[in-house]
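Listed here are the chains, written in short residue letters.
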Amino acid sequence: MAAKTPKKKNRRGNITAEARKKGAVSKTQRGTFNRYLKALQGRAVERNRQKIEEIARMLESGTRIKKAPIFRDGRRVGTVEKELPLLPSERALWMARKQQLEANLTRRAPDELHKQFLEMLPDYAERNGLTREILITVGVPEADLDAAGL
């Protein structure tokens, strides 16, 4: 009596081509959503906010901190921080630097990414049950929601 040979299973399982396509679209949309929001709120943006706060404190106090080495018997043994008044030229340079950082905060994500985000947002939000309030909470700008018709 011959043993039955088991049928080989398809490597892709029983997923239809339509379901596979939906999954690929969903994955692409999720990636676009995450890349766009990271571009608006990433670590670089947070670092810029911290730098702006530091510069504002420095300009308000009118002083800057300078680190100076401490030497004993010709050898460096440490560092001391000295508070020095800001010179007018330094004040002007720090004000310019603060303006540059503030301009970077309002900079948008790359245009192509922004375009992709606006195109996929209505479908992505509807499919996942994302309301306007939820999208605002996670950081989607209201102007983008208006542009996408949400």
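This text follows the structure it describes.
S.K.: Kindly report on the side chain of T32, identifying the contributing residues and their values.
M.R.: Position of T32 relative to the elements: it lies in helix 1 (residues 17-41). Each residue touching T32, except ones within four places of it in the same chain, is listed here: L113, Q116, F117 and M120.

S.K.: Before we move on, could you go through the pairing of strand 1 (residues 63-72) and cite the residues and values that matter?
M.R.: In summary, the side chains of a regular strand alternate between the two faces of the sheet. When strand 1 meets strand 2 (residues 75-85), the two strands line up antiparallel, connected through ten bridges. Opposite K67, over in strand 2, you have E81 as the bridge partner. Here strand 1 hands over to strand 2 after two residues, with D73 in that stretch at a positive phi of 55°.

S.K.: Summarise the pattern of salt bridges; cite the residues concerned and give the values.
M.R.: What the rule picks out here adds up to five salt bridges. Residue R64 is joined to E90 by a salt bridge in which the shortest nitrogen-to-oxygen separation is 2.8 Å. Of this pair, R64 sits in strand 1 while E90 sits in helix 3 (residues 88-106), and the two are 26 residues apart along the sequence. Judged by relative accessible area, which is 17%, E90 ranks as buried. A salt bridge links D146 to R132; the shortest N-O distance between them is 2.9 Å. Here the residue D146 occupies a position in helix 6 (residues 142-148), and R132 occupies one in helix 5 (residues 132-138), the gap between them amounting to 14 residues.

S.K.: Describe the packing of helix 1 against helix 4 (residues 111-128), with residues and values.
M.R.: Running from amino to carboxyl end, helix 1 crosses helix 4 at an angle of 125°, the nearest separation of the two axes being 9 Å. In terms of orientation, helix 1 lies oblique with respect to helix 4. When the axes of helix 1 and helix 4 are compared, the crossing they make is left-handed. Residues S26, Q29, R30, T32, F33, R35, Y36 and A39 of helix 1 form the contact with helix 4, whose participating residues are L113, H114, Q116, F117, M120, L121, D123, Y124 and R127. Here the contact of helix 1 with helix 4 is composed, by residue class, of eight nonpolar, five polar and four charged.

S.K.: Pulling in residues and values, what's your account of a positive patch on the surface?
M.R.: Among the surface-exposed residues, K38, R43, R47, K51 and R97 lie close enough to one another that they form a single positively charged patch. The element best represented in the positive patch is helix 2 (residues 43-61), accounting for three residues. The topology assignment puts R47 in helix 2. Assessed through its relative accessible area of 46%, R47 is described here as partly exposed.

About the cut-offs
Residues numbered from 1 in each chain as written. Predicted model: local features only at pLDDT ≥ 70, side-chain atom pairs only at ≥ 80, totals over all residues. Heavy atoms only, no water. Helix = DSSP H or I, 4+ residues; strand = E, 2+ residues; numbered from the N terminus. Contact = heavy atoms within 4.5 Å. Pairing = 2+ DSSP bridges. Salt bridge = Lys/Arg side-chain N within 4 Å of Asp/Glu carboxyl O. Buried < 20%, exposed > 50% of the residue type's maximum accessible area, 1.4 Å probe, protein only. Axes fitted to C-alpha atoms, helices over the stretch in contact; angles between N-to-C directions. Parallel < 35°, antiparallel > 145°, perpendicular 65-115°, else oblique. Left-handed = near helix turned anticlockwise from the far one by under 90°. Nonpolar A, V, L, I, M, F, W, Y, C, P; charged D, E, K, R; others polar. Patch = residues over 30% accessible without salt bridge, like charges linked within 9 Å, V, L, I, M, F, W, Y side chains within 5 Å. Areas by Shrake-Rupley, 256 points an atom, 1.4 Å probe, with all protein chains shown as cover. Lys, Arg positive; Asp, Glu negative; His and termini not counted. Charge placed at Lys NZ, Arg CZ, Asp CG, Glu CD.

Structural measurements only, silent on function.
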